[in-house]
Amino acid sequence: MEQKNHTNQLNEPENTCADPSQSNPPRKKRWNLLSAVFMLALIVVTIVILFKDTSISEVWSAVQSADPLWLLAALGAALFAAVLFGVALHIGLRALYRKRIPLLRDIGFGFIGQYYTAITPAGAAGQPMQLYYMLAYGVDVSYASLVLLLVNAAHQIVVLLIPTALFPFHASLILDNLGGFVWLFLLGALINIALILFLLFAMFSKNFAQRAVHWAINLLVKMHIVKHPEKIFTKADEQIRRYSQGAEVLKQHPWLIVGELVAYTLLLGSQFVIPYFIYRSFGLSGFGVMDFIALQSVLYLAVCFLPIPGSAGVSESGFVTIFRVLFQSALIVPAMLLSRLASFYLILLVSGTVSLAMQLVLSARKKRAAKVQALAASQHPCPPKESEDEIIA
């Protein structure tokens with residue numbers, strides 16, 4: 001009964017969305033391609049710079065000396081975190097949506113989000129592409145966008161919560177090793193706090209959020225950055241309306257945000273523990289697992305909002321700066337390569353493969369539906385259209 005009450009409360013769309021499978025213009029594809037090329041260029045430049053003081057033979061020798069069991073633990077943690085993105089979506093859809101969606105499909109949606117987050121600046125295309133495929137696979141737009149809102153809120157909260165909780169206990173370690181990244185860390189923290197505050201105001205104070213967004217859009221118009229604000233106003237008002245719906249959902253299902261917070265704590269914790277597994281694979285043991293989680297959570301917060309695809313280049317150089325003391329200079333480059341291989345490049349490969357597979361399945365379904373429609377039309381042809389003379393007669 002609770003499910004039905006909530007279903008009635010949400011505004012059901014009346015065909016407000018076109019078929020998402022038809023809404024991927026060539027310009028967007030070119031933009032994604034350029035982002036991917038830019039990311040690869042940054043990675044190449046960063047590796048070239050890092051290898052100026054380290055030979056490839058030394059790096060390869062260090063990699064060969066690593067304990068494969070600890071490396072497998074790092075890969076397992078990365079894959080576990082990647083799967084949890086889909087599990088977090090499944091928790092929300094399971095609680096709110098009237099139709100049951102298979103867990104594997106939700107995990108697929110999670111991988112799609114990770115792939116497009118990795119290849120676009122600041123992960124701008126991650127959630128839009130998730131919404132694109134969720135609609136294409138038949139998920140109602142109201143519930144799809146609402147669940148994406150909830151998981152995004154949980155993600156922002158946990159990204160700030162972990163370093164905030166660990167900082168008092170590891171302050172000297174963090175501050176001694178941040179170096180120039182302390183400014184990126186502060187910037188990331190401020191952006192994250194601003195996003196969380198906006199989410200809260202948008203969800204629980206609709207009028208304030210609407211006035212604030214309209215003021216920002218009008219400011220951009222005056223600065224000649226935005227020329228046609230009408231569509232932006234409409235989209236902003238629609239998004240704020242969904243935030244208000246999110247507040248109603250949280251009132252009815254307070255445990256749901258708790259479940260999402262737990263899922264994202266496990267997810268990000270699994271990502272942040274990867275450098276520790278790499279550390280142990282080299283036979284090192286001077287620092288504890290919480291030291292690594294604290295440092296990696298700070299690095300993540302420092303780079304995740306940068307407008308660079310996959311934070312490429314910045315993540316690698318940040319790892320070398322922040323973890324140099326822990327790994328020692330001789331092992332820092334091999335450790336960075338292994339850590340990024342597990343946490344980013346492997347997931348990029350897997351998520352890209354899953355995204356391709358889901359697109360192929362979607363295309364096959366469309367072709368099958370078109371054939372069925374054509375067969376039905378051939379079996380039940382439309383009656384011949386009457387001429388104007390016959391109608392007049």
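Residues numbered from 1 in each chain as written. Predicted model: local features only at pLDDT ≥ 70, side-chain atom pairs only at ≥ 80, totals over all residues. Heavy atoms only, no water.

**Points about the overall build of the protein**
(1) Moving on: Within the protein one finds 16 helices and zero strands.
(2) Moving on: Burial analysis of the protein (393 residues in total) assigns 46% to the buried set.
(3) Moving on: Taking all contacts inside the protein whose residues are at least 6 apart in sequence as the whole, residues at least 24 apart take part in 80%. (Helix = DSSP H or I, 4+ residues; strand = E, 2+ residues; numbered from the N terminus. Buried < 20%, exposed > 50% of the residue type's maximum accessible area, 1.4 Å probe, protein only. Contact = heavy atoms within 4.5 Å.)

**Thoughts on the packing of helix H14 (residues 314-327) against helix H15 (residues 329-379)**
Helix-helix packing is described using two parameters, namely the angle between the two axes and the distance between the axes.
(1) Moving on: Packing of H14 against H15 brings their axes to within 9 Å, and their N-to-C directions diverge by 130°. Relative to H15, H14 is oriented oblique. In the crossing of H14 with H15, the sense of the turn from one axis to the other is right-handed. Taken together, the residues of H15 that come into contact with H14 (itself represented by Ser315, Glu316, Phe319, Val320, Phe323, Arg324 and Phe327) are Ser329, Leu331, Ile332, Ala335, Met336, Ser339, Arg340 and Tyr345.
(2) Moving on: Of the residues that constitute the contact of H14 with H15, the class distribution is nine nonpolar, three polar and three charged. (Axes fitted to C-alpha atoms, helices over the stretch in contact; angles between N-to-C directions. Parallel < 35°, antiparallel > 145°, perpendicular 65-115°, else oblique. Left-handed = near helix turned anticlockwise from the far one by under 90°. Nonpolar A, V, L, I, M, F, W, Y, C, P; charged D, E, K, R; others polar.)

**Some remarks on empty space enclosed by the protein**
(1) Moving on: Scanning the model with the defined rule gives one cavity of 30 Å³ or more in all.
(2) Moving on: For the largest cavity, the calculated volume is near 30 Å³.
(3) Moving on: Forming the boundary of the largest cavity are His90, Leu93, Arg94, Tyr97, Lys99, Arg100, Ile101 and Asp106.
(4) Moving on: For the lining of the largest cavity, the leading source of residues is helix H4 (residues 68-96), giving three residues. (1 Å grid on protein atoms, 1.4 Å probe; cavity = no way out; pocket = protein on both sides within 12 Å on 5 of 7 lines; lining within 4 Å. Points joined across faces, edges and corners; volume = space filled by probe spheres on them.)

**A look at the packing of aromatic side chains**
(1) Moving on: The final tally for this structure, using the stated rule, is 18 aromatic pairs.
(2) Moving on: Geometrically, the ring pair formed by tyrosine 279 and phenylalanine 327 is edge-to-face, given 5.5 Å between the ring centres and 85° between the ring planes. Pair noted here: tyrosine 279 is in helix H12 (residues 274-281) and phenylalanine 327 is in helix H14, with a separation of 48 residues, a long-range link. We note that tyrosine 279, like phenylalanine 327, is buried.
(3) Moving on: Feature note: the residues Trp70, Tyr276, Phe277, Tyr279, Phe292, Phe319, Phe323 and Phe327 constitute an aromatic cluster, connected by ring pairs. (Phe/Tyr/Trp six-rings, centres within 6.5 Å; stacked < 30°, edge-to-face > 60°.)

**Focus: the packing of H12 against H15**
(1) Moving on: In contact at an axis separation of 9 Å, H12 and H15 are set at 135° when each is read in the N-to-C sense. Viewed along their axes, H12 and H15 adopt a mutual orientation that is oblique. The two elements H12 and H15 meet at a crossing, and its hand is right-handed. Residue-level inspection shows Ile274, Pro275 and Ile278 of H12 in contact with H15, the latter providing Ala335, Leu338, Ser339, Ala342 and Ser343.

**Describing the side chain of serine 145**
(1) Moving on: You can see serine 145 is positioned in helix H7 (residues 141-178).
(2) Moving on: Relative accessible area serves as the criterion here: at 11%, serine 145 is assigned to the buried category.
(3) Moving on: Among residues more than four places away in sequence, those in contact with serine 145 are Leu131 and Arg242.

**As for helix H6 (residues 126-136)**
Every α-helix carries 3.6 residues per turn, so stepping three or four residues along brings you back to the same face.
(1) Moving on: For H6, a buried count of eight out of 11 residues is recorded, marking the element as mostly surrounded by other parts of the structure.
(2) Moving on: What H6 keeps buried is the set Gly126, Met129, Gln130, Tyr132, Tyr133, Met134, Leu135 and Ala136.

**Regarding the pattern of salt bridges**
(1) Moving on: By the definition in use, this model includes one salt bridge.
(2) Moving on: Between glutamate 316 and arginine 340 there is a salt bridge, with its nearest N and O atoms 3.0 Å apart. Here the residue glutamate 316 occupies a position in helix H14, and arginine 340 occupies one in helix H15, the gap between them amounting to 24 residues. (Salt bridge = Lys/Arg side-chain N within 4 Å of Asp/Glu carboxyl O.)

**Some thoughts on the environment of leucine 200**
(1) Moving on: Relative to the helices and strands, leucine 200 resides in helix H8 (residues 181-204).
(2) Moving on: A C-alpha to C-alpha distance of 9.0 Å links leucine 200 and alanine 153, two positions 47 residues apart in sequence.

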